[in-house]
Amino acid sequence: DLAHEQQMLYRTIGRNPEWIPEVLAAMPEDHAPVAATHLAARRAIAGIGHGDPPVDVPAWEIIEPLPAEELRRLYEEAGAATGIEWTFLAAINLVETGFGRIDGLSTAGAQGPMQFLPSTWAEVSDGDIDDPRDAIPAAARYLVRRGAPADMHDALWGYNTSNEYVAAITHYATLFRDDPRSFLATHSWEIHYSSAIGDLWFPVGYRRDVPVPATEHVADAPWSAPPEPG
């Protein structure tokens, strides 16, 4: 619950960048750098999308992720085989699917916990695209094909051709390296979805087989609605 509260604070502050200097100035010195990196990542993520927020909620199912300890072992094993620092794989897993909570296709048709297009998946793995035990090492191999670990910027840009995406992944990777507790905290974050009617919460158990209007979803699940202002 505390991690979820932390997540919502960062999302709210990130949408109000004029608050950031005052918030950081009011924090203890040993916490402010962590918060600053979180907020930089949040601001970068906000810059990834283009166009208007979606009016529909997606056809996803939200499932429990693997435990943090098991995921970190998978990242480190993939890193040992490829030279990719585990923190980058963790950051990709977080940004793409909330560590595997999202089971469903992206708008581009990517799938699995590390979000591969089927054509790209065929280049790096013959395993199960939806299984993190296959997808995480496949992501590491894909980064190597794009120039990692020598050039992580270009490798990440190849993963998602957005400078904001590269910045977000790099910020989270830095955070996990410098403050490993942050990895445990973000592992407990929930799935929130920036829709045309506001920030919607999709807890474990959410499932839609087809997209539906966000207003219809909130009528069915009022607890998912954005909080009232004030």
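Here goes a summary of the coordinates provided. (Residues numbered from 1 in each chain as written. Predicted model: local features only at pLDDT ≥ 70, side-chain atom pairs only at ≥ 80, totals over all residues. Heavy atoms only, no water.)

## Observations concerning the packing of aromatic side chains
Per the stated rule, a full pass over the model turns up 16 aromatic pairs. With 6.1 Å between their ring centres and 75° between their planes, Tyr 75 and Phe 183 make a pair best called edge-to-face. One end of the pair, Tyr 75, is in helix α4 (residues 68-82); the other, Phe 183, is in helix α10 (residues 181-187), and 108 residues separate them in sequence. An aromatic cluster of at least three residues, connected via ring pairs, comprises Tyr 75, Trp 86, Phe 99, Tyr 172, Phe 176, Phe 183 and Trp 189. (Phe/Tyr/Trp six-rings, centres within 6.5 Å; stacked < 30°, edge-to-face > 60°. Helix = DSSP H or I, 4+ residues; strand = E, 2+ residues; numbered from the N terminus.)

## Overview of the pattern of salt bridges
If you walk through the whole model with that rule in mind, you get twelve salt bridges. Note that Arg 15 and Asp 199 form a salt bridge whose closest N and O atoms lie 3.5 Å from each other. Separated by 184 residues along the polypeptide, Arg 15 in the loop between α1 (2-14) and α2 (20-26) and Asp 199 in strand β5 (residues 198-202) bring together distant segments of the chain. Judged by its relative accessible area of 10%, Asp 199 is buried. Across the pair Arg 145 and Glu 123 runs a salt bridge, and its minimum N-O distance is 3.5 Å. With a gap of 22 residues between them, Arg 145 in helix α7 (residues 132-145) and Glu 123 in helix α6 (residues 118-124) connect regions that are remote in the sequence. Judged by its relative accessible area of 52%, Arg 145 falls in the exposed class. Assessed through its relative accessible area of 46%, Glu 123 is described here as partly exposed. Several salt bridges share partner residues, and in doing so they unite Glu 70, Arg 73, Glu 77, Asp 131 and Arg 133 into one network. (Salt bridge = Lys/Arg side-chain N within 4 Å of Asp/Glu carboxyl O. Buried < 20%, exposed > 50% of the residue type's maximum accessible area, 1.4 Å probe, protein only.)

## Considerations on the side chain of Ser 162
Mapped onto the elements, Ser 162 comes out in the loop between α8 (152-159) and α9 (163-178). Polar side-chain contacts of Ser 162 include one of 3.1 Å to the side chain of Glu 164. If we skip the residues at most four places from it in the chain, Ser 162 touches Ile 48 and Trp 157. (Polar contact = N/O pair within 3.5 Å; in protein donor to acceptor, adjacent residues only side chain to side chain. Contact = heavy atoms within 4.5 Å.)

## Quick word on the environment of Asp 151
Within the secondary structure, Asp 151 is located in the loop between α7 and α8. A relative accessible area of 32% means that Asp 151 is categorised as partly exposed.

## Some points on the layout of surface pockets
Quantified by volume, the second largest pocket comes out at close to 330 Å³. Lining the second largest pocket are 14 residues, with Gln 6, Tyr 10, Met 27, His 31 and Val 34 sitting closest to its centre. At the level of elements, α1 and α3 (32-46) are the ones that each hand at least two residues to the lining of the second largest pocket. (1 Å grid on protein atoms, 1.4 Å probe; cavity = no way out; pocket = protein on both sides within 12 Å on 5 of 7 lines; lining within 4 Å. Points joined across faces, edges and corners; volume = space filled by probe spheres on them.)

## Brief notes about the packing of α3 against α9
Direction vectors running N to C along α3 and α9 enclose 160°, while the axes themselves pass 8 Å from each other. In terms of axis orientation, α3 runs roughly antiparallel to α9. Two packed elements cross with a definite hand, and for α3 against α9 that hand is left-handed. Facing Val 34, Thr 37, His 38, Ala 40, Ala 41, Arg 42, Ala 44 and Ile 45 of α3, the residues of α9 in contact are Glu 164, Ala 167, Ala 168, His 171, Tyr 172 and Leu 175. (Axes fitted to C-alpha atoms, helices over the stretch in contact; angles between N-to-C directions. Parallel < 35°, antiparallel > 145°, perpendicular 65-115°, else oblique. Left-handed = near helix turned anticlockwise from the far one by under 90°.)

## Section: α1
Taking 1.5 Å per residue as the helical rise, α1 with its 13 residues ought to reach 18 Å, and the 18 Å between its terminal C-alpha atoms agrees with that figure. Every buried residue belonging to α1 is among Ala 3, His 4, Gln 7, Tyr 10, Arg 11, Ile 13 and Gly 14, and all of these are buried. For α1, the elements touching its buried residues are α2, α3, α10, β4 (191-195) and β5. (Expected span 1.5 Å × (residues − 1).)

## Quick look at the nonpolar core
Counting 49 residues, the largest nonpolar core has Tyr 75, Leu 89, Phe 116, Leu 143, Tyr 159 and Phe 176 as the members making the most contacts within it. Contributions of two or more residues to this core are made by α1, α3, α4, α5 (86-97), α6, α7, α8 and α9. Core analysis: the next-biggest nonpolar cluster, separate from the first, contains twelve residues, Val 57, Ile 102, Leu 200 and Val 218 among them. (Core = buried A, V, L, I, M, F, W, Y, C linked by side-chain atoms within 4.5 Å.)

## Some details on the pairing of β5
In this structure, β4 lies alongside β5, joined through five bridges in antiparallel fashion. Bridge pairing links Tyr 193 to Leu 200 in β5. Where β4 hands over to β5, the hairpin turn is made up of two residues, counted between the paired strands. (Pairing = 2+ DSSP bridges.)

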